[in-house]
Amino acid sequence: MDADIQWMRRALQLAGNGRGSVSPNPMVGCVIVHEGEIIGEGWHRQYGGPHAEVWAVKDAELKGNAHLLPASTAYVTLEPCSHMGKTPPCADLIISKRLKKVVICNNDPNPLVSGRGISRMLDAGIEVEIGVLAAEGLALNKRFFTSMEQKRPYVILKWAETADGFLGPETGGPLRISGTLSNMRVHQWRTEEDAILVGYKTALMDNPRLNVRNWEGRDPVRVVLDRHLQLPQTLNLFSKIQPTIVVNYLQESSLPDSPERYSSSLNISYLKVNPGADEIGQMLTSLLARKIQSIFVEGGAAVINAFLQAGLWDEIRRCQGPPVIGNGVKTPVATGILTSSEKVEKDLWTYYSRI
Ligand code: AOF
Ligand code: ZN
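Cut-offs and rules
Residues numbered from 1 in each chain as written. Chains lettered and ligands numbered in written order. Predicted model: local features only at pLDDT ≥ 70, side-chain atom pairs only at ≥ 80, totals over all residues. UniProt positions renumbered as here; feature names shortened; annotations may be inferred. Buried ≥ 20, exposed ≤ 12 C-beta atoms within 10 Å, placed from the backbone. Helix = DSSP H or I, 4+ residues; strand = E, 2+ residues; numbered from the N terminus. Contact = placed C-beta atoms within 7 Å. Near = placed C-beta within 6 Å. Nonpolar A, V, L, I, M, F, W, Y, C, P; charged D, E, K, R; others polar. Pairing = 2+ DSSP bridges.

If you check an unreviewed UniProt entry, the protein appears there as Riboflavin biosynthesis protein RibD from Dyadobacter chenhuakuii. Checking UniProt for the protein, the heading Function (unreviewed entry) contains the comment "Converts 2,5-diamino-6-(ribosylamino)-4(3h)-pyrimidinone 5'-phosphate into 5-amino-6-(ribosylamino)-2,4(1h,3h)-pyrimidinedione 5'-phosphate."

Below, the structure written as structure tokens:
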């Protein structure tokens, strides 16, 4: 195997350690290699904390390898940053430590960086190579890249359907469709996204808690569509164990503007949208501004259809369970609302992605 690929694979693996704690920042890993051996490695651990390169340089120094840095190559999964954010620019750190070469997986689409990190290092005489395992890097940070490029959170739609292809009875109400394993997976998925969203009818009829129970991990922020503010505050999703954002036509309140503040303000906040065909788009723009980088949409049918019709989605995860109900709410596949997608079947689930 090509050595560059081997080291970048390790850097990507390290980057993945940040899953669930760095959003809305990307997951980034860094490996520093001297004459075929790793002399330091690190990853971005926490939103607001030091970047991957800082940890890797510190690791090399702590291991007594500081003197080797000028003859070493850093493998970084994202272009080293050039801006003064919550932490100082990583490109400057690399320049000050006089590394010989930097191999990068993906460019940083952040307008504050976007090529400036690379040109700064090139100007300082550092050799730079770009694009090693680029597809893997894009997949790892799909939420970050989508939100930077599309200016909206990454959207995952999820539904369970009966064996005869219905989302549930027309009358609504909870119907247990998926089995224990599928349920566990849904709870794992909840831990991976910043927010979880349901519509008015689902909130009222199913009274879901929308927290994480069958898996270890953080609870997502809950988002509910309640356009006329009619949902009773006694519903489970208004319990003060995790924050809830109520999307509506009537009122706006200041929303937490950082991931840390979501966990310190376990209460209800209001996000106002104007009635119209672009309600979903308005909501997504506002949620991204509030640092929500990804959303897991759990129904019901009207909400899922609204995302599909607006073309504002990235993935669908669909599972089929044993119940047969004869008649009920048709799936977006049956109604033809879901068009132009790519379909993969794996582990009891069917995955659709946009093409
Ligand atoms: C890097 N290495 O490990 C990460 C980078 O507010 P800050 O200072 O944390 O900056 C966040 C931005 O920095 C983020 O949006 C992305 O552009 C870049 N992330 N860059 O050199 C890292 N996590
Ligand atoms: Zn940085």
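Participant: Would you take a moment to explain helix 2 (residues 52-62) for this structure?
Facilitator: Residue pairs spaced three or four apart in an α-helix point in one direction, given the helix's 3.6 residues per turn. All buried positions along helix 2 are accounted for by Ala 52, Glu 53, Trp 55, Ala 56, Val 57 and Ala 60. On its buried face, helix 2 sits against helix 1 (3-15), strand 1 (29-34), strand 2 (37-43), strand 3 (73-78) and helix 3 (90-96). Residue Gly 64 follows helix 2 closely and has a positive phi angle near 80 degrees.

Participant: What should I look at first to understand the UniProt feature "domain: CMP/dCMP-type deaminase" (unreviewed entry) in the protein in this one?
Facilitator: When the UniProt feature table is mapped onto this chain, "domain: CMP/dCMP-type deaminase" (unreviewed entry) is found at residues 2-129. From the first C-alpha to the last, residues 2-129 spans 14 Å; its make-up is 30% helix and 22% strand.

Participant: Quick question: what am I supposed to make of the site of ligand 1 here?
Facilitator: Contacts to ligand 1 come from 17 residues, most closely from Val 28, His 44, His 51, Gly 85 and Asn 110. Tallied by class, the residues present in the shell around ligand 1 amount to eight nonpolar, six polar and three charged.

Participant: In this structure, what is going on with the pairing of strand 14 (residues 349-354)? I would like to understand it.
Facilitator: Regular strands have side chains that alternate between both faces of the sheet. Examined bridge by bridge, strand 12 (residues 315-320) and strand 14 share five bridges and lie antiparallel to one another. Note on strand 14: the bridge partner recorded for Cys 319 is Trp 349. Bridge count between strand 13 (residues 341-346) and strand 14: six bridges; the pairing is antiparallel. Note on strand 14: the bridge partner recorded for Glu 342 is Ser 353. The antiparallel hairpin formed by strand 13 and strand 14 contains two residues in its connecting segment, where Asp 347 sits at a positive phi of about 45 degrees.

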